[in-house]
Amino acid sequence: HGHSTTFESILASEKEYHNVSLSAIACSTNREASLAIRMEDANNGYIVIFAPGGTPRPDAGHIALVKRLAGKETTLAYYQGRVFSYMGQSAKIAVSARGPLIEVRLNDVRVVRVVDSTFAAGLIGLRIYGTSDAPCDATYSDLTIH
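Attention here is on the structure that accompanies the text. (Residues numbered from 1 in each chain as written. Predicted model: local features only at pLDDT ≥ 70, side-chain atom pairs only at ≥ 80, totals over all residues. Heavy atoms only, no water.)

Each helix and strand in the protein was counted, giving 0 helices and 12 strands. Counting helices and strands in the order they occur from the N terminus, the protein gives β-β-β-β-β-β-β-β-β-β-β-β. What you see for the protein is a C-alpha radius of gyration of 14 Å, in line with the 15 Å of a compact globule of 146 residues. Each principal axis of the C-alpha distribution contributes one length, and for the protein these read about 35 × 30 × 30 Å. Burial status across the protein gives 49% buried among its 146 residues. (Helix = DSSP H or I, 4+ residues; strand = E, 2+ residues; numbered from the N terminus. Rg over C-alpha atoms; globule rule 2.2 N^0.38 Å. Buried < 20%, exposed > 50% of the residue type's maximum accessible area, 1.4 Å probe, protein only.)

Here's what the structure looks like:
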């Protein structure tokens, strides 16, 4: 379980991964429950933002694949579709990175597929982001890494 009112927190692996699949049952009642892959450091890598529907977040109900390069974020892909219409604040989130191909699945349905070769390897982890006005509480379970 994670809680943040002081911006970003990432619980990252010690091991660096090249080709990797990371999945978890993620839940948030108020903001997001996200995954991080191929993180070279806090300012460089990929973030999979899971903002479930039914939260106070104004853009609730989406998945975004964000590339962070030198601290600047660029959204590579954004999904806000029918999968969110029948799910609550919890879902299985899976991200797979094989070479330059990155795929994100939401409850076993592929919702994002991007080719980006900026980062070939890095740390993986769990990420939350909250502020004092909009805290983040997230729970992760059934974490798997391949």
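This part covers the side chain of S34. Considering the arrangement of structural elements, one finds S34 in strand β4 (residues 34-41). Judged by relative accessible area, which is 0%, S34 ranks as buried. Setting aside residues no more than four positions away along its own chain, S34 makes contact with I47, V48, I49, F50, G125, L126, R127 and Y140. (Contact = heavy atoms within 4.5 Å.)

Take the pattern of salt bridges next. By the definition in use, this model includes 8 salt bridges. Linking R127 and E8 is a salt bridge whose minimum nitrogen-to-oxygen distance equals 2.8 Å. Taken together, the residues span a long stretch of sequence, with R127 in strand β11 (residues 123-130) and E8 in strand β2 (residues 7-12) at a distance of 119 residues. E8 sits in the partly exposed class, given a relative accessible area of 25%. Where E32 meets R127, a salt bridge forms, and the shortest distance between an N and an O atom there is 2.5 Å. In this pair, E32 is assigned in the loop between β3 (20-28) and β4 and R127 in strand β11, connecting sequence segments 95 residues apart. The residues E32 and R127 share a single accessibility class, namely buried. (Salt bridge = Lys/Arg side-chain N within 4 Å of Asp/Glu carboxyl O.)

Among the secondary structure elements, L126 is positioned in strand β11. A residue is classified by how much of its surface remains accessible, and L126, at 16% relative accessible area, is buried. A C-alpha to C-alpha distance of 13 Å links L126 and K92, two positions 34 residues apart in sequence.

The strand order β2-β11-β4-β5-β6-β7 describes an open sheet built from 6 strands, whose pairing is antiparallel. Taken across any chain shown, the strands that pair with only one partner, and hence form the sheet edges, are β2 and β7 (72-79). Going across the sheet, the axis of each strand differs from the next one's by a mean of 25°, ignoring polarity. In the sheet, strand β6 (residues 62-69) pairs with β7 via 7 bridges, with the strands oriented antiparallel. Looking at β7, one finds that V66 is bridged to T75. (Pairing = 2+ DSSP bridges. Axes fitted to C-alpha atoms, helices over the stretch in contact; angles between N-to-C directions.)

Where strand β1 (residues 2-4) lies against strand β12 (residues 136-145), 3 bridges are found, and the strand directions are antiparallel. Paired with G2 across the bridge in β12 is A138. Examined bridge by bridge, β3 and β12 share 6 bridges and lie antiparallel to one another. Its bridge partner being in β12, S28 is matched across the sheet by A138.

Remember that the coordinates give geometry; whether it matters functionally is a separate question.
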